[in-house]
Amino acid sequence: MRCFYCFLLLCFFLTGCRNIGDGSHGDDFVFRSIYHWKMVFQPSKEEKVLMERHRINRLYLRFFDVSVNQETGEAVPIATTVFRSKTDEAYEVVPVVFITLEGLKQMMASDLGIYAGKIVTRVCQMVRVNGVRNVREVQVDCDWTVSTEKGYFELLKAMRRLLKREEWRISATIRFWQLRREVPPVDRGVLMCYNTGEVLNSATNNSIVDLKDVQPYLKDLPSYALPLDVAYPTFGWTVWFRDSQFKALLRGMDWSDTTLYRQEKKNTYQVLKDHFIVGKCLQAGDILRCEVSDYAAVRAVKQAVEERLRERSESFTRERSAEVVLYHWDESNLKKYADYEIDSLYMR
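For the structure given in this document, a descriptive report is provided here. As the structure is a computational prediction, the values presented were derived from the model and not from experiment.

The next thing to look at is the sheet that holds strand β14 (residues 268-271). What the five strands build is an open sheet, ordered β12-β11-β17-β14-β13; its pairing is antiparallel. In this open sheet, the two edge strands, each paired with only one partner strand, are β12 (245-250) and β13 (261-265). Each adjacent strand pair in this sheet contributes to an overall mean axis angle of 30°, direction not counted.

Following this line, the structure appears as structure tokens:
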């Protein structure tokens, strides 16, 4: 009898391992993915451990941005990621290209087909030169507007045609308000469940994640005619205001010095005297709003979003696994969460 139970246990273990590794998953399987949004790709030992511990399947790796050269006025690649480490064969890599609104407008004023070719060529070159493995898709991240929608979609169509030659898919990020617009010409979208509030508004409570900012758009989810996966935040920042006017986003703040800061509200501090921090000159009277991706807030948004996703037509979910993406792969962000909290965000 003991041998029989051991045999059952072994079968269960092997089945579980096969489900994680091969892509033929049950309905409850979720691709565990994460964004890498740093200028240098050189994961620390601790960050690698986090990837292994939480069984990350897919890495969205920002390759470069496209913006406007202030001297020439041309749309050019900037902020290219430097590879100081090789990517791991254990996960799939999705190169991500971020296009600024200014860069998009400049491309629209020229030849979108030429720019599509330049972007795809640069991605392919970076993949080859840096030995990036397991690439099957390229993602474009752009907060397009109503007035730039047509041009942006033309760019995506041109990129999609070129990427098919590499047998790569194309995906795009989707903001909540864009759920009410036309569907972009891509293979799938990733719904960005963060930066949902008005960061420039001094009256905003938390611009990163707040259920009340998301709720007005949830009714549009079931009918959105594009396969959708979802991204949730794990980052934080401090929003700096002077006379109710936005100044900048600050990171790495320390509120322990009560001679410099006085807490006004739960997440708001007043500067008590002039001083420099992270290269900025703060003045007495300035207001600092500390915003974090609180687990409870993220979880509330996740539950509300997934409730609506379950209402979607079978044509959007059949023969494909769900995917949850966290933003982003950084030890200082992720260590703020207990392991069970991170794992729970990956579950559906």
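In this section: helix α5 (residues 149-165). Over its 17 residues, α5 runs 25 Å from end to end, which matches the ideal 24 Å to within 8%, given 1.5 Å per residue. Listing the buried residues of α5 in full gives Glu 149, Gly 151, Tyr 152, Phe 153, Leu 155, Leu 156, Ala 158, Met 159, Leu 162 and Leu 163. Contacts made by the buried residues of α5 are with β6 (92-99), α3 (101-108), α4 (112-129), β7 (137-141) and β8 (169-174). Directly beyond the C-terminal end of α5, a positive phi value near 60° is found at Glu 167.

On to the pattern of salt bridges. Inspection of the entire model under this criterion finds 24 salt bridges. One salt bridge in this structure joins Glu 137 and Arg 169, with 3.3 Å as the shortest N-O distance. Within this pair, whereas Glu 137 is found in strand β7, its partner Arg 169 is found in strand β8, the two being separated by 32 residues in sequence. Given a relative accessible area of 0%, Glu 137 falls into the buried group. The class for Arg 169 is partly exposed, based on a relative accessible area of 33%.

Bringing α3 into the picture now. Turning to α3, its buried residues are Gly 103, Leu 104 and Met 107. The arc enclosing the buried residues of α3, seen along the axis, measures out at 100°, which places them on a common side. Where the residues of α3 are buried, they touch β3 (58-68), β4 (75-78), β6, α4 and α5.

A few words on the packing of aromatic side chains. Tallied over the full model, the rule gives 18 aromatic pairs. Taking 5.0 Å as the distance between ring centres and 35° as the angle between the ring planes, the aromatic pair formed by Tyr 35 and Tyr 60 counts as tilted. Note that Tyr 35 is positioned in strand β1 (residues 30-36) and Tyr 60 in strand β3, a separation of 25 residues in sequence. Overall, Tyr 35 belongs to the buried group, its relative accessible area being 1%. Through pairs of rings, three or more aromatic residues link up here, namely Tyr 35, Trp 37, Tyr 60, Tyr 194, Phe 235, Trp 237 and Tyr 327. We note Arg 58 situated over the ring of Phe 31; from NZ or CZ to the ring centre the distance is 4.4 Å. Geometry around Trp 240 places Lys 247 over its ring, the cationic atom sitting 5.6 Å from the centre.

This paragraph deals with the environment of Asp 210. The topology assignment puts Asp 210 in the loop between β9 (188-192) and α6 (211-214). Measuring from C-alpha to C-alpha, the distance between Asp 210 and Thr 196 comes to 7.1 Å, with 14 residues separating the pair along the chain. Among all residues touching Asp 210, those that are not within four sequence positions of it are Thr 196, Asn 205 and Val 301.

Turning our attention to the nonpolar core. General note: in soluble globular proteins, nonpolar side chains tend to be found buried as a group. Ranked by size, the top nonpolar core spans 90 residues in total, and within it Tyr 35, Ile 99 and Val 305 carry the most contacts. Looking at this core element by element, the count peaks at nine residues for α4. For Val 305, the residues in contact, after removing those within four places along its chain, are Phe 176, Leu 191, Cys 193, Val 214, Leu 218, Leu 221, Val 230 and Tyr 232. Counting 12 residues, the second largest nonpolar core, distinct from the first, contains Leu 260, Val 271, Ile 277 and Leu 282.

Criteria and cut-off values
- Residues numbered from 1 in each chain as written.
- Predicted model: local features only at pLDDT ≥ 70, side-chain atom pairs only at ≥ 80, totals over all residues.
- Heavy atoms only, no water.
- Pairing = 2+ DSSP bridges.
- Helix = DSSP H or I, 4+ residues; strand = E, 2+ residues; numbered from the N terminus.
- Axes fitted to C-alpha atoms, helices over the stretch in contact; angles between N-to-C directions.
- Expected span 1.5 Å × (residues − 1).
- Buried < 20%, exposed > 50% of the residue type's maximum accessible area, 1.4 Å probe, protein only.
- Contact = heavy atoms within 4.5 Å.
- Salt bridge = Lys/Arg side-chain N within 4 Å of Asp/Glu carboxyl O.
- Arc of directions from axis to C-beta.
- Phe/Tyr/Trp six-rings, centres within 6.5 Å; stacked < 30°, edge-to-face > 60°.
- Lys NZ or Arg CZ within 6 Å of the ring centre and 35° of its normal.
- Core = buried A, V, L, I, M, F, W, Y, C linked by side-chain atoms within 4.5 Å.

Without other data, these values stay purely geometric and don't point to any function.
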